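# A structural walkthrough
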Amino acid sequence: MSAASLIIDDSNPSTAIEVATSIAPTDSTAAMTAASAKDLTVGLLGKEVNKSSPNVTWMDGHTTILPTVYDDFKINVCAEVDIPIIKYLAECPVSTPDSNFATHISNQDIPSFELHDIIGSSLSQNRPVTLRGTGLHGNDKKLTLEYLDLHYAISPNRAVWIHDVRARALDHTKVTKAGFLNTFFESMNDPNSIQCVLDIPLAQISLPDSLRNLDHGIAHGWSETAYDVPITSKVHPENFSVKGWALVHHAGFLTYPHHDAEGTLTWVKMDVGIKFWVIFRPKDRYDDRKHLQDFAIRLGNFTENESWIRANCDAEVITLLPGDMLIMPPWQVHAVYTPVASFATGGHFYHYACMHLTELSRYCDVTVGDCLTNQNLYHALETLRRMMIAIPRLSPRITMFRRSLLALCIMVTQGKAYRAKKGHKSAVVDTETAPISLAIAQAISAHLGVTTRQPIPVLLYKGDQFDRGELITRTALDQVLAAFTSL
């Protein structure tokens, strides 16, 4: 009922007027509160960021600072690279539920037992998935050392690698320095310091319980193959440790466009603060691997390629608030701007239906991996081999697709060819998993039509590189692999 109708209907007009006038300030206050919630510069200037920091307004109405860090000559080191990129990101459209590039799900909309299939299908079609409201932490949580210690067992005395914006601007090959988490937090209140800590190992963290079985590398590759192939070789800890990590950022930190290493899928959940997560997609030429590789390289060097990027790239901004979660498929090129001090958890994993995207990502990394990713990982081949070994006894509930399965086959049969540029040789050594995974991959390849005249690259490198292929008939595949199921 409106204030006007209250005046007309109420038998005591004076009472009605009192009610009406009490409503107006409430509406006004709500509007002011909503407006102030969009202004992410409040309380930062002169405290956490330089008082002369300019600002920018994003397409969703948020206003954020633009980073300002002065060198010894009083020049803002963020002016040439960081600020132009952030201004471009702020112009990008907001990713909405009707997006052509991403899937948006409310945590209240879908029963948890249906989420696996919906999310897996979306990711396999190269669509990131955003889940709103998956966490327990509200917007009122403050980022403190005590909070991290209490909720995540992250000691304030933990030694960490600190990424520094000023150091990055002066020499992009020397962006990190050793330090302690408590000193990193102290520097949050230095207006001329913008830093972050990437990849704080949190082995106790994994995907939320309702989604944990999306990690096919752990759930099937490692958990289901120990009987057939006992673990006897040295196993790199990253096979297990990359499933959980944390990120902590100062206000104003820009993570440049990149894709994540070794063809992993990536999940991230906001706990404290806010992030503008920008996903990129080429406008066309999905069938051209060279173009897709060039696309990722050019995004990584934005200031020299801005005109080309604007002509050839689509982008959307996904705003992550506390409790929101984002899952990205392999190869997803993305940039992240953190406008306020923030903390997020996340992890990497593999999925059978996304192997075509994993292969594409690792293919690109072979020649230009040092330009496209922001970290080196060494666990891929052993996990992929075990995922192959698990297939003969794999539950029929797991859907598999032709191009995805071909991609897994080539990564197993030609494992050494996928060592990322500057990657360590230990990442592609043969272990006890090599012979059996090779035999299974060769049997599957023959079943899928691979011949000497028509090798896997001929079949895999044609057509839309984001296409997962047609659904595999498991009955026929199981018959081919029956010899590998005996005890």
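Scope of this entry: the structure provided in the associated data block. Keep in mind that what you see is a predicted model, and the values were worked out from it rather than measured.

### A short note on the overall build of the protein
- The helix and strand inventory of the protein stands at 17 helices and 15 strands.
- Residues classed as buried in the protein amount to 52% of the 487 residues present.
- Nonlocal contacts in the protein, meaning residues at least 24 apart in sequence, comprise 82% of its contacts between residues at least 6 apart.
- As displayed, the protein has an accessible area near 21500 Å², and 55% of this comes from carbon and sulfur atoms.

### Remarks on helix 14 (residues 402-413)
- Look at helix 14: 16 Å from first C-alpha to last across 12 residues, which is about the 16 Å you get at 1.5 Å a residue.
- Across the 12 residues that make up helix 14, a large majority, 10, are buried.
- Here helix 14 has its buried residues at Arg-403, Ser-404, Leu-405, Leu-406, Ala-407, Leu-408, Cys-409, Ile-410, Met-411 and Val-412.

### Digging into the pattern of salt bridges
- Counting across every chain of the model gives 19 salt bridges.
- Of the charged contacts in the structure, one is a salt bridge between Asp-288 and Arg-285, with a shortest N-O distance of 2.9 Å.
- Among the salt bridges present, the one from Arg-298 reaches Asp-294, with a minimum N-O distance of 2.9 Å. In this pair, Arg-298 and Asp-294 are both assigned in helix 10 (residues 289-299), 4 residues apart and thus about one turn of the helix distant.

### Regarding helix 11 (residues 302-312)
- For helix 11, every residue scored as buried is listed here: Phe-302, Asn-305, Ile-309 and Asn-312. Seen along its axis, helix 11 keeps its buried residues to an arc of 85°; they face one direction.
- Those residues of helix 11 hidden inside the fold are in contact with helix 3 (82-91), strand 11 (275-282), helix 10 and strand 12 (313-320).

### A word on the packing of aromatic side chains
- One pass over the full model with this rule turns up 10 aromatic pairs.
- Their ring planes at 10° and their centres at 4.2 Å tell us that Trp-58 and Phe-276 sit as a pair that is stacked. Of this pair, Trp-58 sits in the loop between strand 1 (55-57) and strand 2 (63-65) while Phe-276 sits in strand 11, and the two are 218 residues apart along the sequence. Of the two residues, Trp-58 and Phe-276, neither departs from the other in class, the shared state being buried.
- With a centroid separation of 5.9 Å and an interplanar angle of 25°, the aromatic rings of Phe-295 and Trp-331 are classed as stacked. In this pair, Phe-295 sits in helix 10 while Trp-331 sits in the loop between strand 13 (325-328) and strand 14 (334-338), placing the two residues 36 residues apart along the sequence.
- Judged by its relative accessible area of 0%, Phe-295 falls in the buried class.
- Within the aromatic cluster, the residues linked to one another by ring pairs are Tyr-286, Phe-295, Trp-331 and Phe-466.
- Stacked on the ring of Tyr-256, the Lys or Arg Arg-168 has its end atom at 4.0 Å from the ring centre.

### Observations concerning the sheet that holds strand 11
- Ordered by their spatial adjacency, 4 strands build an open sheet running 9-14-11-12, and the pairing between neighbours is antiparallel. The open sheet has two edge strands, strand 9 (253-258) and strand 12, and neither has a second partner. Averaged over all pairs of adjacent strands, the angle between their axes in this sheet comes to 15°, without regard to strand direction.
- Taken together, the 8 bridges between strand 11 and strand 12 define a ladder with antiparallel strand orientation. Pairing of Trp-277 across the sheet is with Ile-318, part of strand 12.
- Where helix 10 meets the sheet, its contacts fall on strand 9, strand 11 and strand 12, and the angle it forms with strand 11 comes to roughly 145°.

The rules behind each value
Residues numbered from 1 in each chain as written. Predicted model: local features only at pLDDT ≥ 70, side-chain atom pairs only at ≥ 80, totals over all residues. Heavy atoms only, no water. Helix = DSSP H or I, 4+ residues; strand = E, 2+ residues; numbered from the N terminus. Buried < 20%, exposed > 50% of the residue type's maximum accessible area, 1.4 Å probe, protein only. Contact = heavy atoms within 4.5 Å. Areas by Shrake-Rupley, 256 points an atom, 1.4 Å probe, with all protein chains shown as cover. Expected span 1.5 Å × (residues − 1). Salt bridge = Lys/Arg side-chain N within 4 Å of Asp/Glu carboxyl O. Arc of directions from axis to C-beta. Phe/Tyr/Trp six-rings, centres within 6.5 Å; stacked < 30°, edge-to-face > 60°. Lys NZ or Arg CZ within 6 Å of the ring centre and 35° of its normal. Pairing = 2+ DSSP bridges. Axes fitted to C-alpha atoms, helices over the stretch in contact; angles between N-to-C directions.

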